[in-house]
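# Breakdown of the fold
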Amino acid sequence: MTVDRETIEANLRQHVETLAGLIGPRTLERPKTIAATVGYLENQWRGIGFEVERESYVALGQQATNLIVEKRGTSRSDEIVLLGAHYDTVSTTPGADDNASAVAVLLEVSRLLRGHDGRRTARYVAFACEEPPFFNFGEMGSQHHASQCRQRGERIAGMLCLEMVGYFSDEPGSQQVPATIPSRLHRFFPRRGNFLAAVGNPPSWKLAWAFRRGFKRSTRLPLFSICLPETVHEIRLSDNSSFWDQGYPALMLTDTSFLRNPNYHLESDTPDTLDYARMTEVTLGVAGAMRRLLK
């Protein structure tokens, strides 16, 4: 299959510049920005050929909305592989890396796989309310969706959480190690921020292995994959934890956030700080992993 990297990169840049440049901070306190974001995502997915479902719920007294699209599987459609990213920000940032980069990759992976007939169902979800004050208060879009999945008895074969996937650096020492990792183990962790991390909890090890194989076949971008106990609290800081709490296997796919990106939650998290060529490789790698997981 011929891969058009130029088109993917141009699309990624357009998505990020629209979300983090034109729209800016995306919070429920700024309802116009949320409406603009939801409208943009719906238009993009409808343009690809998807039907978009709005999943609305109440978050701290305000209406919040997840957006869901699916490509049903051919023979194991009751088994779902879910790729998700949150579209909101904190109020202090335009949120290019956090989390427009991830939403952009979500859109492009779904576009690449629109014509792919997997045996399992592919579900793509843009989550509301990942950031404070909603985080870990039962009000996150991913917490709502994961609990609904469990109540419906859905079989989530694996959840892939895209969380900040656009900032890279080749400089020595540009990558930090989580503070909760014992210092004696630091030598096993990369010290250059030039890779994508795929992080799971121990019950998600089979998903991590399958993801790694699909990713590595599709791109040469370095991948650091690891499963850690949830006592390493940094691995619970995104939507993947909502699915772990419901007993589903899940991975966080990330550039490691504040362990690498100095613009985290700041006004300086702008579209010009991202590496769109390497985001293209992230897109290709995640699409390749999705193909493997959908078999």
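Residues numbered from 1 in each chain as written. Predicted model: local features only at pLDDT ≥ 70, side-chain atom pairs only at ≥ 80, totals over all residues. Heavy atoms only, no water.

### A short note on the overall build of the protein
Helix and strand counts for the protein stand at seven helices and eight strands. The C-alpha radius of gyration of the protein comes to 17 Å, within 12% of the 19 Å expected for a compact globule of 295 residues. Along the first, second and third principal axes, the C-alpha set of the protein runs to 45 × 45 × 40 Å. A burial count over the protein gives 59% of its 295 residues as buried. (Helix = DSSP H or I, 4+ residues; strand = E, 2+ residues; numbered from the N terminus. Rg over C-alpha atoms; globule rule 2.2 N^0.38 Å. Buried < 20%, exposed > 50% of the residue type's maximum accessible area, 1.4 Å probe, protein only.)

### Notes on the side chain of Asn11
Looking at where Asn11 falls in the secondary structure, it is placed in helix 1 (residues 5-23). For Asn11, the residues in contact, after removing those within four places along its chain, are Glu108 and Arg111. (Contact = heavy atoms within 4.5 Å.)

### Quick word on the packing of helix 1 against helix 7 (residues 276-293)
Relative orientation of the contacting elements helix 1 and helix 7 amounts to 110°, with a least axis distance of 9 Å. By the angle between their directions, the pair helix 1 and helix 7 is classed as roughly perpendicular. Residues Arg5, Ile8, Glu9, Leu12, Arg13 and Val16 of helix 1 form the contact with helix 7, whose own contacting residues are Tyr276, Ala277, Met279, Thr280, Glu281, Thr283 and Leu284. Class assignment of the residues belonging to the contact of helix 1 with helix 7 gives a composition of seven nonpolar, two polar and four charged. (Axes fitted to C-alpha atoms, helices over the stretch in contact; angles between N-to-C directions. Parallel < 35°, antiparallel > 145°, perpendicular 65-115°, else oblique. Nonpolar A, V, L, I, M, F, W, Y, C, P; charged D, E, K, R; others polar.)

### What to know about the nonpolar core
In terms of nonpolar packing, the biggest core is built from 65 residues, with Trp45, Tyr124, Leu162, Phe211, Val286 and Met290 touching the most fellow members. Beyond its immediate stretch of four places on either side in the chain, Met290 contacts Val81, Leu83, Val109, Leu113, Ala122, Tyr124 and Leu160. Of all hydrophobic cores here, the second largest spans 24 residues; its members include Ile68, Ile80, Phe189 and Trp244. (Core = buried A, V, L, I, M, F, W, Y, C linked by side-chain atoms within 4.5 Å.)

### Focus on the packing of aromatic side chains
Under the definition given, this model contains seven aromatic pairs. Among the aromatic side chains, those forming a connected cluster through ring pairs are Phe127, Phe243 and Tyr248. Just above the ring of Phe50 sits the side chain of Arg114; from NZ or CZ to the centre is 4.5 Å. Residue placement shows Arg260 over the ring face of Phe195; its charged tip is 4.7 Å from the ring centre. (Phe/Tyr/Trp six-rings, centres within 6.5 Å; stacked < 30°, edge-to-face > 60°. Lys NZ or Arg CZ within 6 Å of the ring centre and 35° of its normal.)

### What to know about the pairing of strand 3 (residues 76-86)
A regular strand places its side chains so that they alternate between the two faces of the sheet. For strand 3, the buried fraction is high: eight of the eleven residues fall into the buried class. Relative to strand 4 (residues 120-127), strand 3 runs parallel, the two being bridged by eight bridges. Counted as the bridge partner of Gly84 is Val125 from strand 4. Regarding the hand of the β-α-β motif, the stretch spanning strand 3, helix 3 (residues 96-112) and strand 4 is right-handed. (Pairing = 2+ DSSP bridges. Right-handed = clockwise from strand over helix to strand, strands pointing away.)

### Some thoughts on the environment of Arg191
Mapped onto the elements, Arg191 comes out in the loop between strand 5 (155-163) and strand 6 (196-200). Owing to a relative accessible area of 39%, Arg191 belongs among the partly exposed residues under this scheme. On a C-alpha basis, the gap between Arg191 and Val3 in space is 31 Å, while along the polypeptide they are 188 residues apart. A polar atom in the side chain of Arg191 sits 3.2 Å from the backbone oxygen of Gln175. (Polar contact = N/O pair within 3.5 Å; in protein donor to acceptor, adjacent residues only side chain to side chain.)

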